[in-house]
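Single-letter residue listing:
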Amino acid sequence: MIRQMSILIPLSMLACNNDASDTSTTESIIDDGSTWAKSYVSNLADDVQSNPELSELNRLEDAVLAAQDQIIRPWITSWYSKDASSFQSLLQNDQSGLQWGNATFDEISTKDGIIVSEVGVPVGSDQTQQYLASFSKIENIQIDVRRIELTQNDAGTLELRYDLRGESDSFRVNDRGDMTLKIVKADGQWKI
């Protein structure tokens, strides 16, 4: 046993070499690899953006990204903080919105105390403040773009999957479903 330990100690001493040139060589190889990868991804993105066969797809993807930045993220932020006026700033027309209080409910099924309903929310004067006030706590909001259709004049429809989970008084609420919104680009900003 003593003989084996005496052999291992010199090997471990050799492995702990603090030579700075070895480290810089390794770092430069890693930097070169990441630089190459960044360049490759950048070139690939340029190829996709400049490909005429993908121009319509690129236009739709750019619109989805802009809608996420200008509509969906601010929408989610405003609803977490229950700030209806910030949500209303996303609307093109101050008089338009969703009438959450006038929603129609068609019960689809009930099982173990869980009621599954189809909800229709009419368009009209916005009732977001009342809707948000009905929640004692909003736990999660998820809004995903499922489809976008655009016309040539910066207008179109945005199909969304909507999921809001929270608490209202003493019971849990999960509002989810599909939503279709008309959107328009005004002064460089997408609006509902």
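The structure displayed is predicted, hence computed values, not measured ones.

*Asks:* Talk me through the overall build of the protein chain; I want residue IDs and the actual numbers.
*Replies:* For the protein chain, the count of helices and strands is five helices and six strands. Scored against the burial criterion, the 192 residues of the protein chain give a buried share of 27%. Expressed as a percentage of contacts within the protein chain between residues at least 6 apart in sequence, the contacts between residues at least 24 apart total 56%. Of the accessible surface of the protein chain, which amounts to about 13,500 Å², a share of 53% is contributed by carbon and sulfur atoms.

*Asks:* Before we move on, can you summarise the packing of aromatic side chains with the specific residues and values?
*Replies:* Enumeration according to the criterion identifies seven aromatic pairs in this entry. With a centroid separation of 5.5 Å and 55° between ring planes, the pair formed by Trp 79 and Tyr 131 is classed as tilted. Highlighted residues: Trp 79 in helix H3 (residues 55-80) and Tyr 131 in helix H5 (residues 128-133), separated in sequence by 52 residues. Note on accessibility: Trp 79 and Tyr 131 belong to one class, buried. Considering the side-chain rings of Tyr 131 and Phe 135, the 5.3 Å spacing of their centres and the 85° angle between planes classify their relative orientation as edge-to-face. For the pair formed by Tyr 131 and Phe 135, the shared burial category is buried.

*Asks:* How would you sum up a nonpolar patch on the surface? Please name residues and give values.
*Replies:* A cluster of nonpolar side chains, contributed by Trp 36, Tyr 40, Val 41, Leu 44 and Val 48, occupies part of the molecular surface with about 530 Å² of accessible area. Tracing the sequence through the fold places Leu 44 in helix H2 (residues 20-50).

*Asks:* Explain the pairing of strand E4 (residues 155-168) to me, and be specific about the residues and the numbers.
*Replies:* Inspection of the sheet shows strand E3 (residues 137-150) paired to E4 by twelve bridges, in the antiparallel sense. Bridge pairing in E4 places Ile 143 opposite Tyr 162. Taking the residues between adjacent antiparallel strands as the criterion, E3 and E4 are bridged by four residues, where Asp 154 takes a positive phi near 55°. Between the antiparallel neighbours E4 and strand E5 (residues 171-186) lie two residues, among them Asp 169 with a positive phi of about 55°.

*Asks:* So what about the sheet that holds E5? Which residues, and what values?
*Replies:* With antiparallel pairing, four strands are arranged side by side in an open sheet as E3-E4-E5-E6. Single-partner strands in this sheet number two, and they are E3 and strand E6 (189-191). Between one strand axis and the next, the sheet turns through 30° on average, direction left out of account. The sheet contact formed by E4 and E5 spans 14 bridges and is antiparallel. What sits directly across from Leu 164, in E5, is Asp 175.

What counts and what doesn't
- Residues numbered from 1 in each chain as written.
- Predicted model: local features only at pLDDT ≥ 70, side-chain atom pairs only at ≥ 80, totals over all residues.
- Heavy atoms only, no water.
- Helix = DSSP H or I, 4+ residues; strand = E, 2+ residues; numbered from the N terminus.
- Buried < 20%, exposed > 50% of the residue type's maximum accessible area, 1.4 Å probe, protein only.
- Contact = heavy atoms within 4.5 Å.
- Areas by Shrake-Rupley, 256 points an atom, 1.4 Å probe, with all protein chains shown as cover.
- Phe/Tyr/Trp six-rings, centres within 6.5 Å; stacked < 30°, edge-to-face > 60°.
- Patch = residues over 30% accessible without salt bridge, like charges linked within 9 Å, V, L, I, M, F, W, Y side chains within 5 Å.
- Salt bridge = Lys/Arg side-chain N within 4 Å of Asp/Glu carboxyl O.
- Pairing = 2+ DSSP bridges.
- Axes fitted to C-alpha atoms, helices over the stretch in contact; angles between N-to-C directions.

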